[in-house]
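Residue-level structure breakdown
These are the residues of each chain, in order.
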Amino acid sequence: MIFNSSKRPFNKLKPVSFINVNINDKFWSRRQQINREISIHHQHQMLEGDFHIDNFRVASGLKKGVQIGEFYFDSDLYKWLEAACYILNNYSDPGLEAKVNEVVDLIKKSQTKDGYINTFYSTRFIGKRFTNIYLMHELYCAGHLIQAAIAHNHATKSQIMIRVAIKFANLLVSLYLGGKRKGVPGHEEIEMALIALYRITENSNYLKLAEEFINRRGKISNFKTYVANQYLNLLSTLRIAKKKNQEFQSSIERENTIKEEENEVAEWTSNLTLKSQLTLFKENLNGAYIQSNVPVREIFEPVGHAVRAMYLFCGMADLYSEIGDKTLLRALLRVWLKMVKARMYITGGIGSEKGTEGFKKDFVLKNEDSYSETCAAIGNMMWSIRMLQITGNCKYSDLIEKLLYNAMLVGQSIDGKKYTYDNPLISYGKDKRREWFRCACCPPNVARIIASLGDYIYSTSERGIWIHQYIGNDAKIDLDSNLIRISQTSRFPWRGEVKIKLILSKSQKFSLFLRIPDWSIDTELKINGLKYSEGLSHGKYVEILRNWLDNDILYLTFKLKPKFVESDQRIKDNRGRVAITNGPLIYCLEQKDNENIDIFNIVISKNQGLTVKFEKDLLGGVNIITGTTIDQSKITAIPYFMWNNRGANNMQVWQLII
């Protein structure tokens, strides 16, 4: 390992934190307002009702009992805490602050003397801890704990949570660093968390342990035997846990708090087809399910559980940023390209195999099988922003935009209270949004992304400032020891008009890098009213080097035009079909807007003009797109992210054409 104390020394770009970016965008400000005023409090209520918080009262000794729920429940509370702290960075909310303080106090009191925290084990059988890191999510929970602690430290300047995280991380270092214990984390997360902790503490042991966990993948000897033993351990552990829960329930003479049939995970597994169950079994045995089928530097295609894959690639990217191992970067470059070209849906969604919640082979992308988990879209955004910072390549910011407006945003209802776990591209009216899930990973994940959206807008380099996303905001950016303020006004996603104003205390020569989206048919740029036309190629950054003055203004106009997009013909289900797009948005037909036709049986001509109209009273304000079928019946399309907000309904993204 090459150790370098400067942070991200091998990246081309440096991130600008959301803390320095105040979003005042008409579209996204509303999402952030809903997130901080409704979603975060509603999620706390659901976490309270589903025992996530109560488990820490038990673990801390404030209540008698045992942990109730799944073995990964702690992670959902940690993600909520992280999101809440992001909100508190920029907004005062005494009620939310009180909830955060209570949760932090409970977590601190739940920590054992040697640093361990996990309510599933600590309330029942502390001696069984770390006996099954492949299946039991201890290190996954630990990773989210560390990330929440870092967020809490940034928001409050308090040392309470960060000390908790450091104590736990030190325990992991003492147990695992140097190959002291065998095994590989089954659900990646701890890797990027340890590197994040290294970046604020400069304790190189955290970086070394993250590297060791990454390097172990694909190298576990007698892997099938290892998996079989871990699976037997899982069955034994869950059996003992159930028995201890029953004993506690009997001791207090009260009916079992959560009935076994309410276990969503068990229900999900039982509903899998035999083929899907066999696929899950096979991928567990060969290591593909957890991305341990080959050593990480030999990865050439994304396999297995999609969220786990994204988190692994995030960890690998973070590791490259610190040590500069080009074999890691080469693996990341080729697997990203493989995913985008052959294993990703038009929305940016990934995962076409329900049994593994993950990847199938190239171009096997059935619309009804589009699992496209909301968390996977978020993981994909997290990975792509890392690749963008490493390379400065526009294709990563283009994908982030696609994910942001489609595969991620669809995961939350427009009122901020309901969610989708998976996101199909065709629905026969049975898909419903839900307030909560037994496996509640997606709701707090959405909350933390929306709260920290500013992380995705700007970067800096030695040459200047990079603008990746066109979202209205006021930003403060340090460049060569000079504070530069940027005021950005955007009409995205409904119109491609952007105004950028620079506010400088003194003139300064630097480059401004502007992303020209890959979907822009034609781009117009004016600087202080004068047309600028050099290098405005779509799918690239245009670099403008000049001596910038206070109050310099740039006007960008990206031409949005609704169009039909044909699928890759290697995707069997989409042959003879088109999707409708407009700028960054993917559109769909929902039956509710097309009551006089059967959306599944219409045929349209792709050689027709489509009309865009803003409907201010529909779904909170939306651009609809209208066209006609071959028999002149009218069709109305809405943005994909807005479907399923008016109740269960038929929906389709890909339409038949002649």
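Residues numbered from 1 in each chain as written. Predicted model: local features only at pLDDT ≥ 70, side-chain atom pairs only at ≥ 80, totals over all residues. Heavy atoms only, no water.

**Digging into the packing of helix α15 (residues 374–391) against helix α16 (residues 394–408)**
At a closest axis distance of 9 Å, the pairing of α15 and α16 adopts a crossing angle of 165°. In terms of orientation, α15 and α16 fall into the roughly antiparallel class. The way α15 lies across α16 gives a crossing that is left-handed. Together, T374, A377, I378, N380, M381, S384, I385, M387, L388 and T391 of α15 and Y396, S397, L399, I400, L403, L404, A407 and M408 of α16 make up the contact between the two elements. (Axes fitted to C-alpha atoms, helices over the stretch in contact; angles between N-to-C directions. Helix = DSSP H or I, 4+ residues; strand = E, 2+ residues; numbered from the N terminus. Parallel < 35°, antiparallel > 145°, perpendicular 65-115°, else oblique. Left-handed = near helix turned anticlockwise from the far one by under 90°. Contact = heavy atoms within 4.5 Å.)

**Concerning the nonpolar core**
In this structure, M408 and L514 are the most contacted members of the largest nonpolar core, which totals 222 residues. For this core, the element with the most residues is helix α13 (residues 306–323), which contributes 13 residues. Those residues in contact with M408 that lie beyond four places of it in its chain are W28, T374, A377, I378, M381, L403, V446, I449 and I450. (Core = buried A, V, L, I, M, F, W, Y, C linked by side-chain atoms within 4.5 Å. Buried < 20%, exposed > 50% of the residue type's maximum accessible area, 1.4 Å probe, protein only.)

**Looking at the side chain of N582**
Inspection of the secondary structure assignment puts N582 in strand β15 (residues 577–582). One polar contact links the side chain of N582 to the main-chain amide nitrogen of K561, over a distance of 3.4 Å. Every residue in contact with N582, bar those within four places of it in the chain, is listed here: L560, K561, P562, Y587, V612, N623 and I625. (Polar contact = N/O pair within 3.5 Å; in protein donor to acceptor, adjacent residues only side chain to side chain.)

**So, the packing of aromatic side chains**
Per the stated rule, a full pass over the model turns up 35 aromatic pairs. Look at Y116 and F130: their rings are 5.2 Å apart centre to centre, the planes differ by 80°, and that puts the pair in the edge-to-face class. In this pair, Y116 sits in the loop between α4 (94–110) and α5 (119–122) while F130 sits in the loop between α5 and α6 (138–156), placing the two residues 14 residues apart along the sequence. Residue Y116 shares its accessibility class with F130, and that shared class is buried. Arranged with centres 5.0 Å apart and planes meeting at 70°, the rings of W466 and Y541 form a pair that is edge-to-face. Here W466, found in strand β5 (residues 464–467), pairs with Y541, found in strand β12 (residues 540–548); they are 75 residues apart in sequence, far enough to count as distant. Through pairs of rings, three or more aromatic residues link up here, namely F27, W28, Y405, W494, F614 and F641. When the ring centre of Y198 is taken as origin, the NZ or CZ atom of K7, which lies over that ring, is 5.9 Å away. (Phe/Tyr/Trp six-rings, centres within 6.5 Å; stacked < 30°, edge-to-face > 60°. Lys NZ or Arg CZ within 6 Å of the ring centre and 35° of its normal.)

**So, the environment of L425**
For L425, the position within the fold is in the loop between α16 and β3 (426–428). Judged by its relative accessible area of 1%, L425 is buried. With sequence-adjacent residues up to four places away left out, L425 is seen in contact with Y345, I346, T347, N367, S370, Y640, M651, Q652, V653 and W654.

**Here's the deal with unusual backbone geometry**
With an omega of -5°, the peptide bond between F492 and P493 qualifies as cis. Note that P493 resides in the loop between β7 (482–490) and β8 (497–504). Positioned with a positive phi, Q291 is a non-glycine residue whose angle comes to about 60°. In this structure, E357 takes a positive phi of about 50° despite not being glycine.

**Regarding a nonpolar patch on the surface**
There is a patch of nonpolar side chains on the surface, built from Y231, L232 and L235 and spanning about 300 Å² of accessible area. For L235, the position within the fold is in helix α10 (residues 223–251). (Patch = residues over 30% accessible without salt bridge, like charges linked within 9 Å, V, L, I, M, F, W, Y side chains within 5 Å. Areas by Shrake-Rupley, 256 points an atom, 1.4 Å probe, with all protein chains shown as cover. Salt bridge = Lys/Arg side-chain N within 4 Å of Asp/Glu carboxyl O.)

**Considering the confidence of the model for the protein chain**
Counting all residues, the mean pLDDT for the protein chain is 94, and 96% of those residues have values of 70 or more. Confidence over residues 258–262 falls short of pLDDT 50; this stretch has 6 contacts with residues more than four positions distant or in other chains. (pLDDT = per-residue confidence, 0-100.)

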